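Fold and geometry: a report
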Amino acid sequence: MKRKTISIIIFVGIIIILLVLLCIAADEYDKKINISCEEVFFGEKLSELQIECTAEDREAIQPVLDFADEAFSYLGDGDKYELFGKLGRYCYNNYSDVVSEKHGIDFLTAKLDGDSGYLWVNSWQNGYDASGEVTTGCGMHKSRWTLEKLNGEWVVANVLEAP
């Protein structure tokens, strides 16, 4: 009888250990599968968000953020890409029903090196019709703007946004 009890205890113990190991393996598998869209799209570039921006770089890119604010706000009828370069993608001037907009651009980090660099922002934007209803927009999302120094000024040379 003692032997049978010990065998059952050992058997139950092995089952418990196997279940714990199975749970650990399933959790690790879940971590590998549950990669966000941002992680897939941006890949290793996301690690740049861990780099703290220097005060000097932050001051140097402020005109880029101010220019981006102008681009987001633009509702005129000029060529948005001629006026704002790569940031023209944020203009609502080609939407006939949009008469006003609201947006937010939150600085995340930046790094400048010689004549190139990058700038990370979180942004959102909504376009409104004449009755004040939202007609188009996007929620908060991360963007990585590649920067180049042209004629002594920093400009956005490329925009990466996860789809």
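Residues numbered from 1 in each chain as written. Predicted model: local features only at pLDDT ≥ 70, side-chain atom pairs only at ≥ 80, totals over all residues. Heavy atoms only, no water.

Looking now at the overall build of the protein. Helices and strands together make up the secondary structure of the protein, namely four helices and four strands. Mapped from its N terminus to its C terminus, the protein presents α and β elements in the order α-α-α-α-β-β-β-β. Its C-alpha atoms give the protein a radius of gyration of 26 Å, clearly above 15 Å, the size a compact globule of 163 residues would have. Over its C-alpha atoms, taken along the principal directions, the protein stretches across nearly 90 × 45 × 20 Å. Counting over 163 residues, the protein shows a buried share of 29%. When contacts within the protein are restricted to residue pairs at least 6 apart in sequence, those whose partners lie at least 24 apart make up 55%. Of the roughly 10800 Å² of accessible surface on the protein, 56% is carried by carbon and sulfur atoms. Distance between charge centroids for the protein: 18 Å, based on 15 positive and 27 negative side chains. (Helix = DSSP H or I, 4+ residues; strand = E, 2+ residues; numbered from the N terminus. Rg over C-alpha atoms; globule rule 2.2 N^0.38 Å. Buried < 20%, exposed > 50% of the residue type's maximum accessible area, 1.4 Å probe, protein only. Contact = heavy atoms within 4.5 Å. Areas by Shrake-Rupley, 256 points an atom, 1.4 Å probe, with all protein chains shown as cover. Lys, Arg positive; Asp, Glu negative; His and termini not counted. Charge placed at Lys NZ, Arg CZ, Asp CG, Glu CD.)

Predicted confidence across the protein gives a mean pLDDT of 88, with 91% of residues reaching 70 or more. Of all helices and strands in the protein, the one with the weakest mean pLDDT is helix α1 (residues 2–33) (71), whereas helix α3 (residues 55–73) scores best (97). (pLDDT = per-residue confidence, 0-100.)

Here the focus is the nonpolar core. In terms of nonpolar packing, the biggest core is built from 21 residues, with I61, V64, L87, L119, W145, L147 and V156 touching the most fellow members. If you list the elements that add at least two residues to this core, you get α3, β1 (100–113), β2 (116–128), β3 (134–150) and β4 (153–161). The leading source of residues in this core is α3, at six residues. Sequence-distant contacts of L87, defined by excluding residues within four places in its chain, comprise V64, F67, A68, A71, W145 and V156. Counting residues in hydrophobic clusters, the runner-up holds five residues, among them F42, L46, Y118 and A162. (Core = buried A, V, L, I, M, F, W, Y, C linked by side-chain atoms within 4.5 Å.)

Spatially, β1-β2-β3-β4 is the arrangement adopted by the four strands of the open sheet, whose pairing is antiparallel. In this open sheet, the two edge strands, each paired with only one partner strand, are β1 and β4. Put simply, the sheet's adjacent strands are angled 25 degrees from each other on average, direction ignored. When β3 meets β4, the two strands line up antiparallel, connected through eight bridges. Counterpart to W145 in the pairing with β4 is V159. α3 rests against β1, β2, β3 and β4 of the sheet, and its axis sits at about 155 degrees to β1. (Pairing = 2+ DSSP bridges. Axes fitted to C-alpha atoms, helices over the stretch in contact; angles between N-to-C directions.)

Inspection of the entire model under this criterion finds three salt bridges. Residue R144 is joined to E48 by a salt bridge in which the shortest nitrogen-to-oxygen separation is 2.7 Å. Of this pair, R144 sits in strand β3 while E48 sits in the loop between α2 (37–42) and α3, placing them 96 residues apart in sequence. Residue classification places E48 among the buried residues on the basis of a relative accessible area of 14%. (Salt bridge = Lys/Arg side-chain N within 4 Å of Asp/Glu carboxyl O.)

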